[in-house]
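Architecture and fold: a report
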Amino acid sequence: MKQVTESRQVGLARALSKLGFCSRSQAAKLIRAGRVRLNGAPRRNPEAPVRLERDRIEVDQTAVTAEAQIYLMLNKPRGVVTTASDEKGRETVYSLLGEKLPWVGPVGRLDKASEGLLLVTNDSEWAARMSDPGSHLDKTYHVHVHALAGEMLTDELVRGVSIRGELLRAKRARVLRAGEKNAWLEIVIDEGKNRQIRRMLEHLGIEVLRLIRVAIGPLALGQLAKGKSRVLAAAEKLTLDQAANFSRDKARIHGKR
């Protein structure tokens, strides 16, 4: 098991998340429901201070210990949502992961209609770093559009479009292949804005038929089958960390955005 050492105080909900027990929001619900004890005493405040290296946390009278950290990549199918539970009864990514895993959460989001590479982990701090817009980590998408496409469109995506005062733009864009009515585009973004590609294309009057995330930084989806997941190799995680750190430092140096 992973040893968690933390000299500073953190909130109780965050402590449960750092230990890999559940998400921070799920922890807050458990705490408010009176199911969590800290050093033998019940606590209902999610922000109650905790020192992980010395305090004892129990959920339903069972001690919580640090889970081994898990880093997965999943090929999310279209129609599956990335929440832990869905009030509409839709299938979630958790149905694809099996029951033997400890709690894990998605790194960022892919909306229901989108598909492709999704990272999943129980390392909440790593997930926050990877999904932080300030990391400017490249995310590459292949997008099937119902439109004729050429350099005029890809240049416009890179220049950006303004939607209600917000500038949305691609870092890079190119046509992969084009037919008489449809085309496949490769679009790279590094801003992490909600539904960015769909919003840009909708603003330009272009219908999106499919949207597939094929890479995050240097990590490519590759031949991973739809609906399947696998553990990241140590070298893959390292290259992701290095890419995120490099992009963040580069953006800081150049005063990007």
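That block above? That's the structure.
Residues numbered from 1 in each chain as written. Predicted model: local features only at pLDDT ≥ 70, side-chain atom pairs only at ≥ 80, totals over all residues. Heavy atoms only, no water.

1. Side note on the overall build of the chain
Selection criterion: Helical segments are the DSSP runs of H or I of at least four residues, strand segments are the runs of E of at least two, and each set is numbered from the N terminus. Each residue is placed in one exposure class: buried if its accessible area under a 1.4 Å probe, protein chains only, is under 20% of its type's maximum, exposed if it is over 50%, and partly exposed if it falls in between. Note on contacts: a residue pair is in contact if any heavy atoms of the two residues lie within 4.5 Å. For the accessible areas, the method is Shrake-Rupley and the probe is 1.4 Å, while residue cover comes only from the protein chains on display. In this tally Asp and Glu are treated as negative and Lys and Arg as positive; neither His nor the chain ends contributes. Throughout, a charge is located at the NZ atom of Lys, the CZ atom of Arg, the CG atom of Asp or the CD atom of Glu.
Secondary structure summary: the chain contains six helices and 17 strands in total. The principal-axis extents of the C-alpha atoms in the chain amount to approximately 70 × 45 × 40 Å. Counting over 257 residues, the chain shows a buried share of 46%. A separation threshold of at least 6 residues defines the contact pool for the chain, and within that pool the share at least 24 residues apart is 65%. Of the roughly 13800 Å² of accessible surface on the chain, 49% is carried by carbon and sulfur atoms. The chain carries 46 positive and 30 negative side-chain charges, and their two centres are separated by 2 Å.

2. A word on helix H5 (residues 196-203)
Every buried residue of H5 is listed here: Gln196, Ile197, Arg198, Met200 and Leu201. Structurally, H5 contributes buried residues whose contacts are with strand S10 (139-146), helix H4 (151-159), strand S11 (161-163), strand S12 (166-168), strand S14 (183-189) and strand S15 (207-216).

3. Description of the packing of aromatic side chains
Two numbers describe a pair of aromatic rings. These are the distance of the centres and the angle of the planes. Our working rule: Here a Phe, Tyr or Trp ring, Trp counted by its six-membered ring, pairs with any other such ring whose centre lies within 6.5 Å, and the pair is stacked when the planes are under 30 degrees apart, edge-to-face when over 60, and tilted otherwise.
Following the criterion strictly, the structure yields one aromatic pair and no others. Geometrically, the ring pair formed by Tyr71 and Trp126 is edge-to-face, given 5.0 Å between the ring centres and 80° between the ring planes. Residue Tyr71 is located in strand S7 (residues 71-76), and its partner Trp126 is located in helix H3 (residues 124-131); the two are separated by 55 residues in the primary sequence. By the burial criterion, Tyr71 is buried, and Trp126 matches it.

4. What to know about H4
We count it as follows: For this quantity, the arc is that covered by the directions from the helix axis to the C-beta atoms.
Three or more residues of H4 are buried, namely Leu153, Thr154 and Leu157. Around the axis of H4, the buried residues are gathered within 95° of arc, so they sit on the same side. For H4, the exposed residues lying more than 90 degrees away from the buried face are Glu151, Met152 and Arg159. For H4, the elements touching its buried residues are strand S13 (172-178), S14 and H5. Once H4 ends, the next one or two residues include Gly160, with phi positive near 100°.

5. Overview of the sheet that holds strand S6 (residues 62-63)
Rule in force here: At least two bridges found by DSSP between two strands is the condition for calling them paired.
The antiparallel open sheet is built from four strands, whose spatial order is S3-S2-S5-S6. Each end of this open sheet is capped by a strand with a single partner; those strands are strand S3 (41-42) and S6. Here strand S5 (residues 57-59) pairs with S6 via two bridges, running antiparallel. Counted as the bridge partner of Glu58 is Ala63 from S6.

All quantities given are derived from atomic positions and should not be read as evidence of function.
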